[in-house]
Amino acid sequence: MRIGSFPVSLDERVRCTDGQLQSCVPAMSASNLNIKDLFADAIELPEAQRETFVRDTAAKHPEIAAAVLGLLRAAIVNADLLAEPRGTALGKLNASAALATGREPDQLDPRMEGADSLWSLEGPGTVFGKYTLLEVLGEGGFGVVYRAQQSEPVKRQVALKLLKPGMDTRSVVSRFRAEQEALALMDHPGIAKVLDAGSTPSGRPFVVMELVAQAAGKNDAASELADGASPAGTKAEVITSYCNRKQLPVRQRIELAIEVCRALQHAHGKGVIHRDIKPSNVLVTEVDGVARAKMIDFGIAKAVRPGTLSRVHTEQWQLIGTPEYMAPEQLDNAATADVRTDVYGLGTLLYEMLCGTTPFDPVMLRSLSLERLHEVVRTNDPPRPSARLSGLLDADSIAIQRRVTLGTLKSQLRGELDWIVQRCLAKEPQRRYQTAAAVADDLQRWIDHRPVEAGPLTASYAASKWLRRHRGLAIAALAVLATLLAGLAGTGVALYHAGRERASAVASASEAKRQAGRAEKVTRFLVDDMFGSLRPEVTRSREITVREIAENATNRIPQQFGDDDQTRIIVQTTLADVWLKIGENQRSRDLYADTLALAEKLFGSDAPQLVEVLIGYAASLEFTGQHSTQQNLARRALRIAEANFAANSPVRIRALLALANAERYMTDLADARALLDRLSPLENDQSELAVSALILKSDLLRGSTDLSQRAPILEQALAKNVQLLGLDHPRNHEIRIKLAYAYLDQSRFQEAERLMLEHKALADRLFAPDSVQASEVQRLLAKSLAGQHRDAEAAAAYMRCLDIAIIALGETNIVARTTLGTTAEAFADAGMLTEAVALAERAQAIESSLGPTNLDNTLTASRRYGRVLLLAGQNAPALQVAQDGVALAEANNSAFRIGMRRLLGDALLANGRAAEGDLAFTQAVLAAVDYVGENSPRINEVLTNAFQSLSRAGYPDRAAKYATLASFRAATGPR
């Protein structure tokens, strides 16, 4: 057990019956009772309990009792001496003894000399086995921690914890051994790692751990740190000291707390509970500039599964832990502690990290008797963290350490963080979180702006969290819906009349009533169908995604607006735009198609009400490859807009932008640039449409030979958008993403990386961590890292991007599928071929499952899969993939038959079939001539590829003909 920083442990001989300390059965005899053991056990008890314990334990040996009581009285008188370093204390004791006896120090009793040698059995400079002790790092109640040099099998510095001399009672040794066993079970970056264990030549047990070099002056509780030995890295600090010195905001403190929870969950999974969670047992070190938390000190750990650790008996009345961090059940009966006891400890740690103090005042607790201490912890509820701040004299300083004002800090803690801490600190274990992982999950929900399980899940609370997570999307959708409501309530068919530039009030009462009815329907749809899906009885406390909300609302449109086509058109247009913004192009396209048919039936094929629907419909086709249809829809939108709207009308400008955007996917960009020239006067205009024009102008430059103009245009667009809409507007994300691509196109990889690292702060504020936007940031970071040949980092970033994309969009979404393929290629570039093959195979399987309409993507994935298999040396499977791909491409007369033939040639060469490989390359050239024409520059690309493949495979004669033909074509030009 522990009182304050002093480890307290009673010998297993002592038992407790009816609350009274009694000697064990069988009774102790002179042979198993000695002054050293009895004194060691008694000194660890509260002073008021010591005499009773000694007299009861040594009732049959009054001479032993008298000697121990004398030693205890001397300990009280010499309390300051006992706090001295061991060598200093021993010198003073020697001098004191010499003065009292009138003898010189070297004439003292041999037993004193023996004591002297006992204290100095090992110390700095001592060598035993492969370890040399260098210096003392710290010491606690049981052990001393040295920095030591290991000589074999590797040379390195380690932390070596050695049991103190004189502490070798059976209970203490068993605790020391149990700590070794507990740490040895762990294999987690957040827990100190055991490297070795053994005994010194004098028989003192030691344990060797990875070394943490403590930051000088940062740790006040050196003795407590020693109990867990300093674990990993360089310059570690107690977690609260680190947070305060760095002035970490609340969010970053929570992120560190999550790491502690994950490490503790690992220990629980190994069948071990810590029982002493407190700041000094959690150290933080920086690895590559990133803070990492690591748990130490499993000295009073307990096994929750039989056989996990050596048995260490705990008395019912024994105090196990540190009072201000202890759960009520630890005080009542330490034997009943389970993983929820550590959850309570996490609550106290989190409490102190957030508001700078413990739930109960430590000075007050330590002044209480054991009985009163039990009563306070069992019955008194500490104030919420946000409320506790009001009573602290240094509350303003605490807020400054978190980089906020006191009022802001209270606001941050009030509500969800209060709820989480209070749930951890519940008196009854069954009311707490049931695992450390559950604490981590709820803290992560707080970071992600999702509803926390600790709080009351009301509809308004759930809705507010959803809106916070999807702020960018919600702003756009709700703005459209708000406009819809205002328009329906105030102007009737305002879109039609505004399009004609004729303002007309609703003349008849019946028309006004009809519009009011529409507004009521839309309001009910918004409340009951879109955001009504956030109600607890619908979600059953689970997190609902934007896709689920959109799905629920889309499915209910016919029921809600079946008799009101005009309102249905506007609502469906809004929802189709929502689907488009979350990357669900297929759903958006289908809904736009249905809306267009409905609008044509209601208004006619050339009505102005069709313009916005046509523009949205064209946008939904942009990433599906249906560019011809996209172009036709945009042309139709512009034709109707030009017939019904003025030249400077926003609707007409949007239609022109839509057509220019569609034209840029066609072979000749001249038409797109001509359209954009008509918008050039907008560039100096301070409007959102001017920003759109600049963005599109930069997009059109992607097909030009001069890419240097793109970045300045986008920088201009970004500055204009910030001026118009502010720093936190979601469109800044879109522009920065495009700007990063512009940097990448110019190989400005470091600038792209820096831009995305800076932009991540905005993305974290605006979007959920599992959103499409978060995935985009990771994708650009990955590309910038790959451009700098930091292949392993790029692969890891692509993997994070993939994980987010799948969570946000689902595995079959086009963005997620594209990311999956890119991630496979990144792992291949990094030489991580096993992972690359698995990812490429998965991508190919997903694309193939989507049917014949997905032919181009299926063939792209097959070609990638085959290439990765060849890199991994899996030549036979690669050949099969290539043959299947060629058959599929030929059957559908796809342009991909060129690339598939090239892959087939490489696969045949890898399998030693040179003649067939040569033939495959010839067929690839013929397929290229057939598809792009014999004068296309792409023919030379195919010829060069064949030459390189055959040369690398060791067939220079076969390669020569392709080189000759390529040279001839280059010399003679187009024919």
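This is a predicted model, so every value here is computed, not measured.

**Describing the overall build of the chain**
Regarding its fold elements, the chain presents 45 helices and 16 strands. The buried share among the 975 residues of the chain stands at 51%. Taking as baseline every contact in the chain between residues at least 6 positions apart, the subset at least 24 positions apart corresponds to 63%. A total accessible area of about 42700 Å² is found for the chain, and carbon and sulfur atoms account for 53% of it.

**Overview of the confidence of the model for the chain**
A low pLDDT means the predicted coordinates there should not be read in detail. Averaged over every residue, the pLDDT of the chain is 75; residues scoring 70 or more account for 71%. Per-residue pLDDT, averaged within each element of the chain, yields its smallest value for strand 1 (residues 2-3) (29) and its largest for helix 12 (residues 339-355) (93). This stretch, residues 96-120, has a pLDDT under 50; its non-local contacts, to residues over four places away or in other chains, come to 17 contacts. Under a pLDDT of 50 for its full length, residues 536-543 has, in the predicted model, 16 contacts with residues more than four places off or in other chains.

**Observations regarding helix 12**
In an α-helix, one full turn covers 3.6 residues, which means residues spaced three or four apart are oriented alike. With 17 residues, helix 12 ought to run about 24 Å at 1.5 Å a step, and its terminal C-alpha atoms sit 25 Å apart, in line with that. Burial analysis of helix 12 places 15 of its 17 residues in the buried class, the great majority of the element.

**Some details on the pattern of salt bridges**
One pass over the full model with this rule turns up 36 salt bridges. Between Glu 51 and Arg 55 there is a salt bridge whose closest N-O contact spans 3.0 Å. A residue pair is termed a helical-turn pair when its members lie 3 or 4 positions apart in one helix, as Glu 51 and Arg 55 do in helix 2 (residues 47-57) at four residues. Here Glu 847 ties to Arg 817 by a salt bridge, and the two come within 3.0 Å at their closest N and O atoms. Remark: Arg 817 occurs in helix 38 (residues 814-829) and Glu 847 occurs in helix 39 (residues 833-849); sequence separation between them is 30 residues. In terms of burial, Glu 847 and Arg 817 fall into one category: buried. A single salt-bridge network, built from bridges that share partners, covers Asp 442, Arg 445 and Glu 453.

**Points about the nonpolar core**
Across soluble globular proteins, nonpolar side chains have a tendency to be buried as a group. In terms of nonpolar packing, the biggest core is built from 61 residues, with Ile 239, Ile 254, Leu 256, Leu 417 and Leu 443 touching the most fellow members. At 10 residues, helix 10 (residues 250-269) tops the list of elements feeding residues into this core. Every residue in contact with Leu 417, bar those within four places of it in the chain, is listed here: Val 250, Ile 254, Leu 354, Gln 412, Leu 443 and Trp 446. Of all hydrophobic cores here, the second largest spans 47 residues; its members include Leu 591, Leu 610, Ala 618 and Ala 658.

Definitions and cut-offs
- Residues numbered from 1 in each chain as written.
- Predicted model: local features only at pLDDT ≥ 70, side-chain atom pairs only at ≥ 80, totals over all residues.
- Heavy atoms only, no water.
- Helix = DSSP H or I, 4+ residues; strand = E, 2+ residues; numbered from the N terminus.
- Buried < 20%, exposed > 50% of the residue type's maximum accessible area, 1.4 Å probe, protein only.
- Contact = heavy atoms within 4.5 Å.
- Areas by Shrake-Rupley, 256 points an atom, 1.4 Å probe, with all protein chains shown as cover.
- pLDDT = per-residue confidence, 0-100.
- Expected span 1.5 Å × (residues − 1).
- Salt bridge = Lys/Arg side-chain N within 4 Å of Asp/Glu carboxyl O.
- Core = buried A, V, L, I, M, F, W, Y, C linked by side-chain atoms within 4.5 Å.

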